[in-house]
Amino acid sequence: MSKTMEPDLKSPLGGEAARTEWKHPSDHWLRGFVLDNRAALGTLVVFIVMMAAFLIANPTVFTTWYLYRSVLTTLPVALFVVVPLVFVVTCGEIDLSFPATMGFASWVFALVVQAGYDPFLGIAAAVLTGTLLGFLVGSLVVYGGLSSLIATLGMNFLLRGLIQIINEGKSTALTGLSDSWAYAIFSSQVWGFPVQIFWAFAFVVLSAMLYNRHRFGAQVRVVGDNPDSAQQMGIDVKRVRVKVFVFVGIGAAIAGTFSVMINFTWWPTAGDGYLLPVLASVFVGGTPTWGGIGTVAGGAIGAVTVSFIQTGVVAAGLSGFYVQFFNGLIIILSLLGHKWNQARYR
Amino acid sequence: MAERIIELRDISKSYGQVYALGGVNLSVDRGEVVGLIGDNGAGKSTLIKILSGVVKPTSGEILVRGKPVTGWSAARSRDAGIETVFQDRALAVQQTIVRNIFMGRELTGFMGFLRVNKEIEEASRLMREIGFTSKVFTPHSIVGQLSGGERQGVAIARAIYKQAELIILDEPTTALSLTETAKVFHFVRQVRASGRSILFIGHNIHHVFDIADRFVVMDRGKVALTADRTEVKSAEDLINFMEDVAHPGGLPGLHGAADAGRAAR
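Per an unreviewed UniProt entry, chain B is named Sugar ABC transporter ATP-binding protein, and its organism is Mesorhizobium neociceri.

An unreviewed UniProt entry lists chain A under the name ABC transporter permease, with Mesorhizobium neociceri given as the organism. Note on chain A: under the UniProt heading Subcellular location (unreviewed entry), the record states "Cell membrane".

All right, on to the overall build of chain B then. From N to C terminus, chain B includes nine helices and ten strands. For chain B, whose C-alpha radius of gyration is 19 Å, the value lies close to the compact-globule estimate of 18 Å for 265 residues. For chain B, the C-alpha atoms occupy an extent of roughly 65 × 40 × 35 Å along the three principal directions. Counting over 265 residues, chain B shows a buried share of 47%.

Next up on the list: the sheet that holds strand β2 (residues 18-29) of chain B. Residue and element names in this part refer to chain B. Taken in spatial order, the four strands make up an open sheet running β2-β1-β4-β5, and their pairing is antiparallel. The open sheet terminates on both sides in strands that have one partner only, identified here as β2 and β5 (67-68). One ladder, built from two bridges, connects strand β4 (residues 59-64) with β5; its direction is antiparallel. Across the sheet, the residue bridging to L63 is P68, located in β5.

Turning to the confidence of the model for chain A, a few remarks are in order. Any region with low pLDDT has predicted coordinates that should not be read closely. All names here are of chain A. Residues with a pLDDT of 70 or more make up 92% of chain A, whose mean pLDDT is 87. Under a pLDDT of 50 for its full length, residues 1-9 has, in the predicted model, 16 contacts with residues more than four places off or in other chains. With pLDDT under 50 throughout, residues 15-20 is counted as low confidence; its partners more than four residues away or in other chains account for 15 contacts.

It is worth spelling out the pairing of strand β9 (residues 214-219) of chain B at this point. Residue and element names in this part refer to chain B. By the bridge criterion, five bridges tie strand β3 (residues 33-38) to β9 in an arrangement that is parallel. Residue V34 lies in a different strand from β9, and its bridge partner there is R214. Here β9 runs beside strand β10 (residues 222-228); their pairing, made up of six bridges, is antiparallel. Bridge pairing in β10 places V216 opposite T226.

Here the focus is the confidence of the model for chain B. Residue and element names in this part refer to chain B. With 92% of its residues at a pLDDT of 70 or more, chain B shows a mean pLDDT of 85. For residues 253-265, every residue scores under 50 in pLDDT, and the model assigns this stretch 22 contacts once sequence neighbours within four places are set aside. Predicted complex metrics record ipTM = 0.83 and pTM = 0.86.

Residues and elements named next belong to chain B. Even without being a glycine, D10 presents a positive backbone phi close to 55 degrees. Tracing the chain through its elements places D10 in strand β1 (residues 4-15). With phi around 50 degrees, M111 is a residue other than glycine that occupies positive phi space. In this structure, M111 sits in the loop between α3 (97-101) and α4 (116-129).

On to the domain arrangement of chain B. Residue and element names in this part refer to chain B. Once the domains are mapped, chain B shows domain 1 (4-231) and domain 2 (232-265). With centres defined by C-alpha atoms, the gap from domain 1 to domain 2 works out at 28 Å. Between domain 1 and domain 2, the contact holds 13 residues from the first and ten residues from the second. Those elements giving two or more residues to the side of domain 1 that touches domain 2 turn out to be α7 (205-211), β9 and β10. Class assignment of the residues belonging to the side of domain 1 that touches domain 2 gives a composition of eight nonpolar, one polar and four charged.

Take the environment of B:I101 next. Along the chain, B:I101 turns up in helix α3. B:I101 has contacts with B:A123, B:L126, B:V154, B:A157, B:R158 and B:Y161, leaving out every residue within four places of it along the chain.

Another aspect to go through is the packing of helix α4 (residues 65-90) of chain A against helix α14 (residues 296-315) of chain A. All names here are of chain A. Contact geometry of α4 with α14 gives a least axis separation of 8 Å together with a crossing angle of 145 degrees. Seen along the crossing, α4 lies across α14 with a hand that is right-handed. Residues L67, S70, V71, T74, L75, A78, L79, V82, V83 and V86 of α4 pack against V296, G299, A300, G302, A303, V304, S307, F308, T311 and A315 of α14. Classifying every residue of the contact of α4 with α14 by side-chain character gives 14 nonpolar, six polar and no charged.

Let us look at the UniProt feature "transmembrane region" (unreviewed entry) in chain A. All names here are of chain A. UniProt's feature table lists "transmembrane region" (unreviewed entry) at residues 39-58, 70-90, 120-146, 190-211, 244-267 and 313-336, given in the numbering used throughout. Each end of residues 244-267 is marked by a C-alpha atom, and these two atoms are 27 Å apart; helix forms 83% of the span and strand 8%. Annotated as residues 313-336, this span is 75% helix and 0% strand, and its ends, taken at the C-alpha atoms, are 22 Å apart.

Core analysis: the largest hydrophobic core is formed by 169 residues, its most contacted members being A:L79, A:V81, A:V82 and B:F200. Among the elements that line this core, the one with the most residues is helix α12 (residues 237-263) of chain A, at 15 residues. Shared between two domains, this core takes at least three residues from each, and those domains are domain 1 (4-231) and domain 2 (232-265) of chain B. Sequence-distant contacts of A:V82, defined by excluding residues within four places in its chain, comprise A:V278, A:S281, A:V282, A:G299, A:A300, A:G302 and A:A303.

Two strands in a sheet stick together by hydrogen bonds in their backbones, pointing the same way (parallel) or opposite ways (antiparallel). All names here are of chain B. Taken in spatial order, the six strands of this open sheet run β6-β7-β8-β3-β9-β10, and their pairing is mixed. One side of each edge strand has no neighbouring strand; the edge strands of this open sheet are β6 (82-85) and β10. Each strand of the sheet is rotated relative to its neighbour by a mean of 20 degrees, with strand direction disregarded. Helix α1 (residues 44-51) contacts β3, β6, β7 (166-170), β8 (197-202) and β9 of the sheet and is inclined by roughly 150 degrees relative to β7. Against the sheet, helix α6 (residues 178-193) makes contact with β3, β7 and β8, and its axis sits at roughly 150 degrees relative to β8, the strand it touches most.

About the criteria used
- Within each chain, residue numbers correspond to sequence positions counted from 1 in written order.
- Think of it this way: whatever chain is written first is A, whatever ligand is written first is 1, and the rest follow in order.
- Given that the model is predicted, a residue must reach a pLDDT of at least 70 before its local features are reported, and side-chain atom pairs must reach 80 or more before they are shown or counted; all residues, however, enter totals for whole chains, interfaces and linings.
- UniProt positions are given in the numbering used here, feature names are shortened, and annotations may be inferred rather than shown by experiment.
- Strands here mean DSSP runs of E at least two residues long; helices mean DSSP runs of H or I at least four residues long; both are numbered from the N terminus.
- The globule rule used here is 2.2 Å times the number of residues to the 0.38 power, and the radius of gyration it is set against is calculated over C-alpha atoms.
- Partly exposed residues are those falling between the two cut-offs: more than 12 but fewer than 20 other C-beta atoms within 10 Å of their own, whereas 20 or more means buried and 12 or fewer means exposed, with C-beta atoms placed from the backbone.
- At least two bridges found by DSSP between two strands is the condition for calling them paired.
- In predicted models, pLDDT denotes the confidence assigned by the predictor to each residue on a 0 to 100 scale.
- Once C-beta atoms have been placed from the backbone, residue pairs whose C-beta atoms lie within 7 Å are recorded as contacts.
- An automatic or database domain assignment provides the domain bounds reported here.
- Just so you know the grouping, Ala, Val, Leu, Ile, Met, Phe, Trp, Tyr, Cys and Pro go in nonpolar, Asp, Glu, Lys and Arg go in charged, and all remaining residues, Gly too, go in polar.
- Here, axes are lines fitted to C-alpha atoms. For helices the fit covers the stretch in contact, and angles between N-to-C directions go from 0 to 180 degrees.
- Crossing handedness: left-handed means the near helix sits turned counterclockwise from the far one by under a right angle, and right-handed means the same turn made clockwise.
- Note on terminology: a nonpolar core is any set of buried Ala, Val, Leu, Ile, Met, Phe, Trp, Tyr and Cys residues joined through C-beta atoms within 7 Å.

Now the structure itself:
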């Protein structure tokens, strides 16, 4: 019996075991990049085709900067929830409670600012609220053993109801906000760009690294893929699941705060309108519903696509009645594209 | 004489009135492939569960490297270097080979970020160690694209990464084609060559006969036969012996074969 690694030249796997390097066609960097990011690239193609169609339909409107600036102002709000939702869906769960979390956290922000404290303190309080709500929702689903689809839907109604009961439908105007440092940093303009988009971009990049290159992302994917196996290998599956809900809570808190800063006003309905567009963005982006895999970059591109549909349809000269139809069309076409683009392994 | 990785002495396990195991003796030496054969209900699964510490024996003694161990548990089993590769293989099939090997024990550096290159390096080393190399996949390949035998390779590589000294393969070749079985055998031989031990459990006596250095035949909770490779001439010997154990003196035409089996004992 030899203790050394004698190369077995008769490997039944077809390769010479003695080879010292792994090489095969997909090792070429471009091919590898395309294969690794096929879902995100597919989403990008959908976006480009859609924008090309809009541009052809109405070249004058689609070459004006104003159109893009208005989208770039509201898009970041969606991005801050789309990205954490990619993690949740990859983990094999869903979170429908984020609109209420957005409303709740931004309410806390509004209260702190209205009471005369610095908006930075308000942001910290909002993020803390989002974290706690995320933990609450996550614990309910994971430790309560509930279906995340129904439980988070319930939590959305519950939290929104709480906001409505206390505020009785009244909004809060934040007049002093525009003079603050926080506003200058998080909600002003830089070289004609709304500054939010830079923050959102940084958030997307950081999250993509977290997803692809961090232990957290790796464990989220494994848990979504095969929870039994993950458990067997010593991963605390429940803890990972709670963490993704906490992540959504944090994202929703930032998103809610940003939306309040755009309007200088907090409404009791803050965040409500984001439920369906955000969910659509995740799946248009190429994250499949079955868990285990997903794409943060794709989700972000999906959010851009969905944001441009409404603006685009109206700007292209069609009446507002077409918006929903095009929303649906893009979703269905994207799903068909992804279905063809990615195989599900069992 | 090679080091004795683990030894079970007179292990019994009963569930209430029902005896699953009645006084089993089993040992595995370093660098040895032990084939465990037995019909359904012979007690193979209970024995695996006892080895992996999931089930505690009712009575008997467990020795790790010659020393008796008290309070046998899953943690003790892991400390002893025993890893079970289960039938369902427990792999995350949409992830890469690397992610499966390092599942739950990722190599991380700065702030919990993965040390990607280090992982690839380590995975390549492990895969080469068991002869798990090919022109058509790399450590980056998705496990779902691999064949059944190759997936066993991923599971074995993972067990080795977990510092396994004894790998228990629970029916690794069931439901595999001939070529796939050959791949698994290739991994098993490489693992043996690296000085580790394997307990190979199988239904298919031909498979076990082809790969094992020693055979342990179980029947109704007892070890019916322990034989070295040199003592058994062919797989048919083993089959005949098992039939004889199952139907003692019952079926006509088997007596000669049964004698051969006893001679082996």
